[in-house]
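Reading the structure
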Amino acid sequence: MRKILTLALIGSAGFSQMLFAQSEEIDSTEEAVALEEVIVTANRREENLQEVAISVAAFTDEFFKDSGTTNLKQLEQYTPSLKISPITDSRSTSIRIRGIGSVGTNAGIDPSVGIFIDGVYQGRAGMSVADLMDIQRVEVLRGPQGTLYGKNTAAGALNIISKAPSELFEAEIEGVLGNYNARELRGMVNVPLGDNGHATRLSGYYVERDGLDTNTVTGADVNDTSRYGLKSRTLFAMDNAGDLTITLDYSQNDSTCCTPDVLDHVGDGSSLGLGPDVYEAATGIPYDRDADGFDRKIATNVDSVNDVKVYGAAAEWVKELDNESVLTWITAYRGYESFSSWDGDFTQYDAVDYYTDVELDQYSSEFRIASPAGEKWDYQVGLFLYHSSMDTVSENGFTELTGSLFGGGFVFPEGTINTDTNTHETTSAAVFGQANWSFAEDWKLTLGGRVTYEEKTRVGSQLASGANPLAIDAPPIAGPDTISDDERDASDFSPTVSLSWFAREGMMLYASASQGFKSGGFNQLRVAAGVDP
């Protein structure tokens, strides 16, 4: 279990706020210019960003058009403290805010930064690698967001909001051509369905680019781009029964990513004592020691594979009551498939084998009721349910070549490949609430809390192939065969409190304290015998 508590004392003013919105002239006589009002939903209700007591960077649709930003990875260039690293494949993407995050390479470990697309939680950071399609706004929330956003937001959250279907016909298409034979096509069409407010909105993208590098061993172009995605959002305006929005989406990435360029050769080789000279002598294949990280050439005996599919369906029902309170119910299914493999030694020798296959299915449902905003007292309360099932298979180890060289060929004469197979199940339930008390004209006190209960199970095995005559326990590649059947549960109370002072128009000062929650997981990799995974 991991908890993070932060304290903040921050001033918010029009001249210092991190906003990426178009400025507009509000007084041509005095040539005074002010930032356009930006509406965000960081507190799960629409509010002026300058009145939100959270450290938020908000990016509007105009920013994405002007900057050419099309995915979250590019967004880190404009966001202090946000770092997104794909490592060796999309599956292993690690997202960090203020330096806090989790490794993405171990499927048994949950992320520390939550990603929400149209209110739907994404169970793995690798599910966010698709391009941003028809986006209204992206909000980067820094610090623990446990009260309103729930599990795995100990470091912060990324809140992504798509454009909603509207009653007006709209269409947009955009094309990009670039070097390395880059081709990008993006489009959107919004179509009204009759005169009753029904509408459907379709969007998609297609991106191709030749490889940035050439593999001198296989002759293939690598580190290329090949991805596409489609999304539909259909609004059913049901009068007194509320509005129902159905969202369907699918994205796929087949890029050969992400083989690194070698910058320099330092040292005599691996900790096993098997440097390039040893492989060169054993195979007769010369090792290129003239590294140049900028020559667009790599040398690996196999090309990387990075196949990712993300898809899902969601239903959002919104109903305004007679007293102007709003009911919101979001229920969703998300699917995620990832197969990745790469040359574990990053050389032209067949020395190390590595691949990972992941399939995840998740279901979530959230119900909220929010009172009218702007009153002396306003509140929101809700219930959240979540279940996921994830199957993973990974291989990691020495090939027969390395086995014949290591320890004179007596330790692992046939090489050793460890295969770990795991099924992870997670069930989570939470109740939450937050209230604002405007106890004076210029003061507001916010109190909130979330109670979470979570259960996790893991059934799996660690099986090593190849002879091991010395019975060496050498995680993560060799050791006795093991079968795992583990379970754990955790509960948590995540509070938040903030005090806001509206010092003058356009300036708000606040102090806040909040806490996030992340339950423990199960180590996907082989560990030494007797060690708790």
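Residues numbered from 1 in each chain as written. Predicted model: local features only at pLDDT ≥ 70, side-chain atom pairs only at ≥ 80, totals over all residues. Heavy atoms only, no water.

Residue Cys257 is joined to Cys258 through a cis peptide bond whose omega torsion reads 10°. Examined against the element boundaries, Cys258 turns out to sit in the loop between strand E21 (243-253) and helix H4 (276-283). Of note in this structure, Asn152 is not a glycine but carries a positive phi near 60°. Here Asn152 is to be found in the loop between helix H3 (146-149) and strand E14 (156-162). Given a relative accessible area of 0%, Asn152 falls into the buried group. Backbone geometry places Asp239, a non-glycine residue, at a positive phi of 55°. Residue position: Asp239 is located in the loop between strand E20 (225-237) and E21. Judged by relative accessible area, which is 68%, Asp239 ranks as exposed. (Helix = DSSP H or I, 4+ residues; strand = E, 2+ residues; numbered from the N terminus. Buried < 20%, exposed > 50% of the residue type's maximum accessible area, 1.4 Å probe, protein only.)

A few words on the sheet that holds strand E19 (residues 221-222). Overall, mixed pairing links the 3 strands, which are arranged E19-E18-E22 in an open sheet. Since the sheet does not close on itself, it has two edges, and those belong to E19 and strand E22 (297-298), each with one partner. Looking at chain direction, strand E18 (residues 213-215) and E22 are connected through 2 bridges and run parallel. Looking at the pairing, Thr214 lines up with Lys297 of E22. (Pairing = 2+ DSSP bridges.)

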